Amino acid sequence: MDFKRLIRDVPDFPKKGIVFKDITPLLKDPKAFQEVIEHLAARYKDKKITSIVAMESRGFIFGGALATRMGVGFIPVRKPGKLPWKTFQETYELEYGKDTLEIHQDSIAKGDRVLVLDDVLATGGTAAATIRLVERAGGEVAEACFIIQLSFLNGQQKLKSTPLYSIIQY
Ligand code: AMP
């Protein structure tokens, strides 16, 4: 299926100069949404994945659906102050300023093989911080997976040796 036609470009959102990749047309198309999940389930079927780690908040949409389809656990990575139990924190650089992400300290067991999943890979700061969180918690990142990769922003460089996969590239 041509998923690109279901991604809407929204110029100057959330601020001037950013072209926002809006996934809501894809999500409301039941065949397309299902096909994305089936495609990823097939890709990761024999990769011995134990859990899916997804980032707030659009990562949760794909992560929850894929976790139930694959029969593996789902682990949320959230902005500070949202997770109720003991957390690890990682701070990363934004264009202007910094941001922090958290994961529950007991969410991952030593040796777990985790799939990191988000909707968009842009500059890579979010994904790199998430990978560090998984590793601090004792897990191994089998692959970092994105529905959309904005290759021109070079986020792939920040992921270093972590394998990377994306369905749609710009
Ligand atoms: P980054 O840390 O720069 O890779 O940004 C990744 C996060 O920001 C992801 O969780 C995306 O949902 C969101 N994001 C960044 N740029 C865009 C964009 N152009 N369109 C949609 N979402 C974006």
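Now for a description of the structure that goes with this document. (Residues numbered from 1 in each chain as written. Predicted model: local features only at pLDDT ≥ 70, side-chain atom pairs only at ≥ 80, totals over all residues. Heavy atoms only, no water.)

## Brief notes about the environment of Val134
Reasoning step 1: The residue Val134 is located in helix α4 (residues 125-136) in this model.
Reasoning step 2: Note on Val134: relative accessible area 0%, which makes it buried.
Reasoning step 3: Sequence spacing of Val134 and Asp118 is 16 residues, and the spatial spacing of their C-alpha atoms is 14 Å.
Reasoning step 4: Ignoring anything within four residues of it in the chain, the contact list for Val134 reads Val53, Ile108, Val114, Val116, Gly139, Glu140 and Val141. (Helix = DSSP H or I, 4+ residues; strand = E, 2+ residues; numbered from the N terminus. Buried < 20%, exposed > 50% of the residue type's maximum accessible area, 1.4 Å probe, protein only. Contact = heavy atoms within 4.5 Å.)

## A few points about the side chain of Asp119
Reasoning step 1: Counting through the fold element by element, Asp119 comes out in strand β7 (residues 113-121).
Reasoning step 2: Polar contacts involving the side chain of Asp119 include one to the side chain of Arg58, which spans 2.6 Å.
Reasoning step 3: Those residues in contact with Asp119 that lie beyond four places of it in its chain are Ile23, Arg58, Gly59, Phe62, Phe146, Ile147 and Ile148. (Polar contact = N/O pair within 3.5 Å; in protein donor to acceptor, adjacent residues only side chain to side chain.)

## Let's talk about the site of the ligand
Reasoning step 1: Taken together, the neighbourhood of the ligand is formed by 13 residues, with Arg58, Asp119, Thr123, Gly124 and Thr126 sitting nearest.
Reasoning step 2: At 3.0 Å, a backbone N or O of Val19 approaches a nitrogen atom of the ligand.
Reasoning step 3: Here Lys21 contributes a backbone N or O atom positioned 2.9 Å from a nitrogen atom of the ligand.
Reasoning step 4: Out of a free accessible area of 480 Å², the ligand has 82% covered by protein chains.
Reasoning step 5: Counting only elements with at least two residues in the shell around the ligand, the list comes to β2 (19-22), β7 and α4.
Reasoning step 6: When its residues are assigned to classes, the shell around the ligand shows five nonpolar, four polar and four charged. (Near = heavy atom within 4 Å. Areas by Shrake-Rupley, 256 points an atom, 1.4 Å probe, with all protein chains shown as cover. Nonpolar A, V, L, I, M, F, W, Y, C, P; charged D, E, K, R; others polar.)

## With respect to the packing of aromatic side chains
Reasoning step 1: Per the counting criterion, the structure on display carries three aromatic pairs.
Reasoning step 2: Seen in terms of ring centroids, Phe33 and Phe62 are 5.7 Å apart; in terms of plane orientation they differ by 85 degrees. Their pairing is edge-to-face. Pair noted here: Phe33 is in helix α2 (residues 30-44) and Phe62 is in helix α3 (residues 58-70), with a separation of 29 residues, a long-range link.
Reasoning step 3: Look at Phe62 and you get buried, because its relative accessible area is 0%.
Reasoning step 4: Their ring planes at 90 degrees and their centres at 5.7 Å tell us that Phe60 and Phe74 sit as a pair that is edge-to-face. Linking Phe60 in helix α3 with Phe74 in strand β4 (residues 73-77), this pair joins segments that are 14 residues apart in sequence.
Reasoning step 5: Looking at Phe60, the relative accessible area reads 23%, which means it is partly exposed.
Reasoning step 6: For Phe74, a relative accessible area of 32% puts it in the partly exposed group. (Phe/Tyr/Trp six-rings, centres within 6.5 Å; stacked < 30°, edge-to-face > 60°.)

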